[in-house]
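Here are the chains, one letter per residue:
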Amino acid sequence: MMGGDIYRESKTTFAIYDNDAREIEAIKYSISKGQNHIDTAYMYGAGHTEELVGEAIKGTDRDKLFIADKLWKCHARRNSVIPAVKEMLRRLQTDYIDMLYIHAPWEEEPMEEYIKGINDAMDAGLTKSLAVSNFTVEQLKKAIAISKHPIIANQLRYNILYKTDANDEMIKFCQSNAIMIVAYRPIERKLLADEVEDKTVVEIAEKYKKTPAQIAINWLITQDNVVAIPKSSSKEHIDENLKALDFELEPEDFEKLKQIPDIE
Ligand SMILES: NC(=O)c1ccc[n+]([C@@H]2O[C@H](COP(=O)([O-])OP(=O)(O)OC[C@H]3O[C@@H](n4cnc5c(N)ncnc54)[C@H](OP(=O)(O)O)[C@@H]3O)[C@@H](O)[C@H]2O)c1
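Criteria and cut-off values
- Residues numbered from 1 in each chain as written.
- Predicted model: local features only at pLDDT ≥ 70, side-chain atom pairs only at ≥ 80, totals over all residues.
- Buried ≥ 20, exposed ≤ 12 C-beta atoms within 10 Å, placed from the backbone.
- Helix = DSSP H or I, 4+ residues; strand = E, 2+ residues; numbered from the N terminus.
- Pairing = 2+ DSSP bridges.
- Right-handed = clockwise from strand over helix to strand, strands pointing away.
- Near = placed C-beta within 6 Å.
- Nonpolar A, V, L, I, M, F, W, Y, C, P; charged D, E, K, R; others polar.
- Domains from an automatic or database assignment.
- Contact = placed C-beta atoms within 7 Å.

Participant: Could you give an account of the pairing of strand β5 (residues 151-157), naming the residues involved and the relevant values?
Facilitator: Where burial is concerned, most of β5 is hidden: 5 out of the 7 residues are buried. As judged from the 3 bridges shared by strand β4 (residues 130-133) and β5, these two strands associate in the parallel manner. Directly across from L130, in β5, lies its bridge partner I151. In the classification by handedness, the crossover that spans β4, the intervening helix α5 (residues 137-146) and the parallel β5 is right-handed. Bridging between β5 and strand β6 (residues 180-184) involves 5 bridges; their strand directions are parallel. Paired with L156 across the strands is A183, a residue of β6.

Participant: Pulling in residues and values, what's your account of the site of the ligand?
Facilitator: Inspection of the region around the ligand gives 24 residues, with Y184, A193, K231, S232 and H237 positioned closest. Among the elements that make up the shell around the ligand, the one with the highest residue count is helix α9 (residues 235-242) (3 residues). Here the residues of the shell around the ligand sort into 8 nonpolar, 8 polar and 8 charged. Summarising the domain contributions, the shell around the ligand has at least three residues from each of domain 1 (1-157) and domain 2 (158-264).

Participant: Outline the domain arrangement of the protein chain, supporting the account with residue identities and numerical values.
Facilitator: By domain assignment, the protein chain separates into domain 1 (1-157) and domain 2 (158-264). The distance between the C-alpha centroids of domain 1 and domain 2 comes to 23 Å. On the side of domain 2, 23 residues touch domain 1, which itself brings 20 residues to the contact. With 7 residues, the top contributor of residues to the side of domain 1 that touches domain 2 is β5.

Below, the structure is given as structure tokens:
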């Protein structure tokens, strides 16, 4: 939700955010602390989030960053992809993306169109790798069959309170096919932080002397082929989240957290 959270072309009122300076500062701070994976999308603020990223990365060694961006359905036809990616790069003020996602498997758009489109973008040197988001195992298999380049990640909503999409079948499939699961909403938008209610999460956090957010992030990244992309515009939260990296959950605690029923 950096850069405004409403898709401009949806004709709903666009929330004009005046947080740009704070958000640019947060990205810079995060990079200074060693984080290098930046996740953005055309859909976030209809390109404005990409502009914030572009401002924030100025002066940073590009090789040290891993920038992931996502195409939205208005650019899902094969011949729309390259022009859309060139616009992304202009907003990001860089000349390549590290990982180009398809934001979702839109039913009304033929998969052949956008998968071939992102392959064209890779052939043109505009992205170094390809990925998908919100795909099921069946959709992943279809995408892999169409794509001449490997699909290296599937970005999914995945956290202690939501395991429906990154279920055991998905995790196994990704692990056996060298596909990373990039867990979005890793702290379920504060339900695994300030607003935590689940007793098991609270008890385990107390046991490890960690915060619920740290437990939530650690629980994800302890799994093979899983990375987490928590969003934060607060330096305090960025520091807190980075301290999710310095401990290991015992297997029985991992399992207890896994058994918590999904919220919806
Ligand atoms: N592929 C997709 O369809 C899709 C969908 C949704 C999201 N995403 C991606 O995933 C990223 C993360 O997901 P998300 O933003 O939806 O959810 P999230 O990372 O689970 O939660 C973000 C919220 O938690 C707060 N927060 C972060 N760390 C905290 C901490 N230690 N203590 C208390 N609050 C904390 C943030 O506030 P502060 O900023 O104040 O810290 C923000 O309000 C997004 O930025 C986006 O890049 C992708």
